[in-house]
Amino acid sequence: MPADNSNLNELKIAASEQRFRALVTATSDVIYSLSADWEVMRKLDGRGFLKDTNEPITGWRSQNVFPDDLEKVNKAIAEAIKEKKIFQMEHRVLRADGTPGWTFSRAVPILDDKGEIIEWFGAASDITERKQAEEALQKTKERSEQQKRFYETITSGTPDLMYVFDLQYRFTYANNALLTMWGKTWDTAIGKGLLENGYEPWHAEMHEREIDQVKATKQPIRGEVSFPHATLGKRVYDYIFTPIFNDQGEVEAVAGTTRDVTDRTQWEQKLKQSSEELQAINEEMAATNEELAASNEELTATNDELAFVNQQLREAQQKVEEGQTALRLAIDAADFGTWFIHSVTREFITNVRLKELFGYYPDEDLSIEQALAQITDEYRGYVATKLENAIYHNGDYDVTYPVIGLHDNRLRWLRAIGNLKADPSGAFSAFTGVVMDITDQYLAAQKVERAEESLRMAVDAAGLGTYYINATDRIFYPSPTLKKFFGFNPNEEVPYEAAINQIHPDYREKAADMVEAAFTKGERFDMEYPVIGYHDGNIRWVRGIGTMQHYDGKDFFTGVLHDITENKQDEMRKNDFIGMVSHELKTPLTSLNAIVQVANAKLKNSDDQFLAGAMNKANIQVKRMSAMINGFLNISRLESGKILIEKSDFDIEELVREITEEQELSVTSHYISLTECAPITVYADRDKINSVISNLINNAVKYSAKDTAISISCTVNKNEVTISVRDEGIGIKPTDADKIFDRYYRVESNNTRHISGFGIGLYLSAEIIQHHGGRIWLESEPGKGSTFYFTLPLKN
């Protein structure tokens, strides 16, 4: 029986775990399960609120419960366990990021057949934002009550009715005297409008118009009106509405004060009834009172305006003082010299730095004439004239000049900037300014000018054409030499489109795209292309190099063009010669290849092993010769634009497998294998891709030791397939890797001098891949091997 109970409990726990997982999936709350005594936290899905627990742990209370709430949480847990009832309470927790938060936790006991707890299953909600909102609301209420008590303390000693409207005509404050008059409490009156607080419609509309008037004019308004008192009956009230301004000077509320003048009104009526004379006197007194009230209002407004103006003056004075302090700090930080010249007395006051700039000691006196004496002869008269004109005619004063220090005899280039300011009395003017030491900048500018002149001379001597294009408006500024390259006259206007149109049609689109890439991506322009002269029709080959430059806040595309026609013609004649020779060599080589193959066939079963081996080696050399001649022919065709790419659909896996099997038979010195390749259809020239893969494998064989592995693989990535050939050879240095795909380039080292080759295989491979719209690159580590990669677009 005990074993059966144990199995039963295990089944129940398993069922609970299933329910736990289902609830985790279905709810966004934190879910947890605990042992019967709450000591072991079996699972906790914290949902980013609490730290997750995937394995049973103890000590979870100190990890998850906020220390100050631990005692009450433990007490609630003990009570729930004792009474076998649902545990639920709000308490603080330590969130996953270590900060305190609030949760509402509810856990249900899972009982066995005997009514004993076997585990607890619970959920906890993140109520942090709600608790924070409750706390904020409580604080707001406390501040509101405090403000209310503050106002009541101030207004409790007066019988006047005091209140505040917002701009929607709602009461935001009313003192006890007003609440008593209404017969209402604070909670039933505040936040309500005029109608809701017992005002008749005509009365409410009148006050709303007056509030609008105060808002529009920003001026107080005064009036008198009858209104029923809750206990005293109908009473007569004198009131004044005053605007309350915000920091921007706009009306944000209207404050009101109302005084019960019923007794005064009744007394006035009795006086009126008693005699005409008394009535006249009373009217005069009323008029006088109104005038006094108006005067008081004017005085109040004037005082408010004076207070506002004084505040503005204080703020302005503070800003002036702050500006003067900032200016002094800036002058000290910039190491400027400063001066002051009195226009009448010609008093000359300077700081220590200005004396240093003129070679004087700090404790020495320095006059205007002494300062001018240190300026070199060729600039002294010019500076003196500018100075006199600035002091007495308010002329511009921004001059640059050299000085020779009095004591240190040091040459300095200075820039002086001055400003004339009249004294408020009009009796004199003050000429003030600063002096900056610009020796380094001046000498650097001279050096730049000399460098620019040297560059201009070099460009002219080399016969280079120059240009720049403004990135904003794309206006083209070519030099006369560049215009000559394109067949234009030196004085002709040559727009960018006109220059592009003179590029040979076969190269025009690529050149335009490269220029656009320079503007949009900052790429460097470097291209050789032919141009057709606009007037003379001559074809010239040029090499253009250009980059984006930033100057004076603007972007420019600038560069140079070099006439390479003669070099290009020599290169084309060389390529024609190589093509012709290679083509002439193919015919005898084909015959020789046939003879060697026939001899090999006849010697297949011969006993003469020497002769059979010799013919086999001859066959290998003939194949090498054929491969070299084919390479030269392909280079000739490529550079003459006659290479033909015949694309078709084929399975790249089938091609790679054929090449691998063929290489395994012909190459016995290495272990060649196809490690990964699935059937993938590509649209490419099968023969050309065959030559690329074969060339990469042959290079791997040549540059790696015997009995090492060479692996080939192909993988698909989005819309392209990547083929790689990896070896365990000598590797390639980064400096060589940048040039490895250049024509005729070979890595020169002690490890490669014995390896034959012309440096055309990788160049041809790169050109073939580029003609297919693919990419080719390598990854290499010297001493450990290299991996060559190339990509081909998948069939659309």
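First things first, this report covers the structure right here in the doc. Source: prediction; values computed, not measured. The residue count restarts for each chain, going from 1 along the sequence in the order it is written. Where local features are concerned, this predicted model is filtered to residues with pLDDT of at least 70; where side-chain atom pairs are given and counted, the filter is 80 or more; whole-chain, interface and lining totals use all residues. Water and hydrogen atoms play no part in the side-chain values, which are based on all heavy atoms of the structure.

**Things to note about the overall build of the protein chain**
Part 1: Secondary structure summary: the protein chain contains 22 helices and 28 strands in total.
Part 2: A simple rule labels every residue: compare its accessible area, found with a 1.4 Å probe on the protein chains alone, to the largest value its type can have, and call it buried under 20%, exposed over 50%, or partly exposed in between. Taking all 796 residues of the protein chain together, the buried fraction comes to 36%.
Part 3: Nonlocal contacts in the protein chain, meaning residues at least 24 apart in sequence, comprise 50% of its contacts between residues at least 6 apart. The numbering of helices and of strands both runs from the N terminus, where a helix is a DSSP run of H or I of at least 4 residues and a strand a run of E of at least 2. By definition, residues are in contact when any of their heavy atoms lie within 4.5 Å.

**Describing the sheet that holds strand S20 (residues 539-551)**
Strand pairing in a sheet relies on backbone hydrogen bonds, with the paired strands running either antiparallel or parallel.
Part 1: With antiparallel pairing, 5 strands are arranged side by side in an open sheet as S18-S17-S21-S20-S19. Edge positions in the sheet fall to strand S18 (476-478) and strand S19 (525-532), since each of these pairs with one other strand and no more. Shown here is a sheet whose adjacent strand axes are inclined to one another by a mean of 25 degrees, direction ignored.
Part 2: Note on geometry: axes are lines fitted to C-alpha atoms, helical ones only across the stretch in contact, with angles between N-to-C directions running from 0 to 180 degrees. This element, helix H16 (residues 505-521), spans strand S17 (465-470), S19, S20 and strand S21 (554-563) of the sheet and lies at about 145 degrees to S19. For two strands to be treated as a pair, DSSP must find no fewer than two bridges joining them.

**Structural notes on the pattern of salt bridges**
Part 1: For this analysis, a salt bridge means a side-chain nitrogen from Lys or Arg found within 4 Å of a carboxyl oxygen belonging to Asp or Glu. This structure, assessed with the given rule, holds 32 salt bridges.
Part 2: Its salt-bridge partner being Glu388, residue Arg346 comes within 3.1 Å of it at the nearest N-O pair. One end of the pair, Arg346, is in the loop between strand S12 (337-342) and strand S13 (348-350); the other, Glu388, is in helix H12 (residues 377-393), with 42 residues separating them in the sequence.
Part 3: As a salt-bridge pair, Arg657 and Glu653 come within 2.7 Å of each other at their nearest N and O atoms. In this pair, Arg657 and Glu653 are both assigned in helix H19 (residues 652-666), 4 residues apart and thus about one turn of the helix distant.
Part 4: In the salt-bridge network here, residues are joined through shared partners; they are Glu90, Arg130, Lys131 and Glu134.

**So, H16**
Part 1: Given a rise of 1.5 Å per residue, 17 residues ought to cover 24 Å, and the 24 Å separating the end C-alpha atoms of H16 matches this to within 8%.
Part 2: Ala511, Val515, Ala517, Ala518 and Phe519 are the residues of H16 that are buried.
Part 3: Buried residues belonging to H16 abut S17, helix H15 (496-501), S19, S20 and S21.
Part 4: At the exit of H16 stands Gly522, carrying a positive phi of roughly 75 degrees. Take the residue count of a helix, subtract one, and multiply by 1.5 Å to get its expected span.

**Points about the state of the cysteines**
Part 1: Note on terminology: pairs of cysteine sulfur atoms within 2.5 Å are recorded as disulfides. Summed over all chains, the structure comprises 1 disulfide.
Part 2: Between the sulfur atoms of Cys677 and its disulfide mate Cys714 the distance is 1.6 Å. Remark: Cys714 occurs in strand S25 (residues 709-717) and Cys677 occurs in the loop between strand S23 (671-676) and strand S24 (681-684); sequence separation between them is 37 residues.
Part 3: Assessed through its relative accessible area of 3%, Cys714 is described here as buried.

**So, the packing of aromatic side chains**
Part 1: Here the aromatic set is Phe, Tyr and Trp, taking the six-membered ring for Trp, and pairing holds for ring centres within 6.5 Å; pairs whose planes are under 30 degrees apart are stacked, those over 60 apart are edge-to-face, and all others are tilted. All chains considered together, the criterion is met by 29 aromatic pairs.
Part 2: With a centroid separation of 6.2 Å and an interplanar angle of 90 degrees, the aromatic rings of Tyr163 and Phe241 are classed as edge-to-face. In this pair, Tyr163 sits in strand S7 (residues 161-165) while Phe241 sits in strand S10 (residues 233-245), placing the two residues 78 residues apart along the sequence. Both residues of the pair, Tyr163 and Phe241, belong to the buried class.
Part 3: By the ring-pair criterion, three or more aromatic residues cluster together here, those being Tyr163, Phe165, Phe171, Trp182, Tyr199, Tyr239 and Phe241.
Part 4: Over a ring means this: the NZ of a Lys or the CZ of an Arg is within 6 Å of the ring centre and within 35 degrees of the ring normal. Sitting over the face of the ring of Trp102, Lys131 holds its NZ or CZ atom 4.4 Å from the ring centroid.
Part 5: Directly above the ring of Phe519 sits Arg474, whose terminal nitrogen or CZ lies 4.0 Å from the centroid.

**A word on the nonpolar core**
Part 1: Ile652, Ile689, Ile693, Val721, Phe741, Phe790 and Leu792 are the most contacted members of the largest nonpolar core, which totals 37 residues.
Part 2: Among the elements that line this core, the one with the most residues is helix H20 (residues 686-702), at 7 residues.
Part 3: When sequence neighbours within four positions are dropped, the list of residues in contact with Val721 reads Ile652, Ile680, Val682, Cys714, Thr715, Val716, Phe790, Thr791, Leu792 and Leu794. Among the buried residues, those of types Ala, Val, Leu, Ile, Met, Phe, Trp, Tyr and Cys that are joined through side-chain atoms within 4.5 Å form a nonpolar core.

**Details of unusual backbone geometry**
Part 1: Of note in the backbone geometry, Tyr169 takes a positive phi value of approximately 70 degrees without being a glycine.
Part 2: Mapping Tyr169 onto the fold places it in the loop between S7 and strand S8 (171-174).
Part 3: On the accessibility criterion, Tyr169 (22% relative accessible area) is partly exposed.
Part 4: Despite not being glycine, Asn394 shows a phi value in the positive range, around 55 degrees.
Part 5: In this fold, Asn394 is placed in the loop between H12 and strand S14 (398-404).

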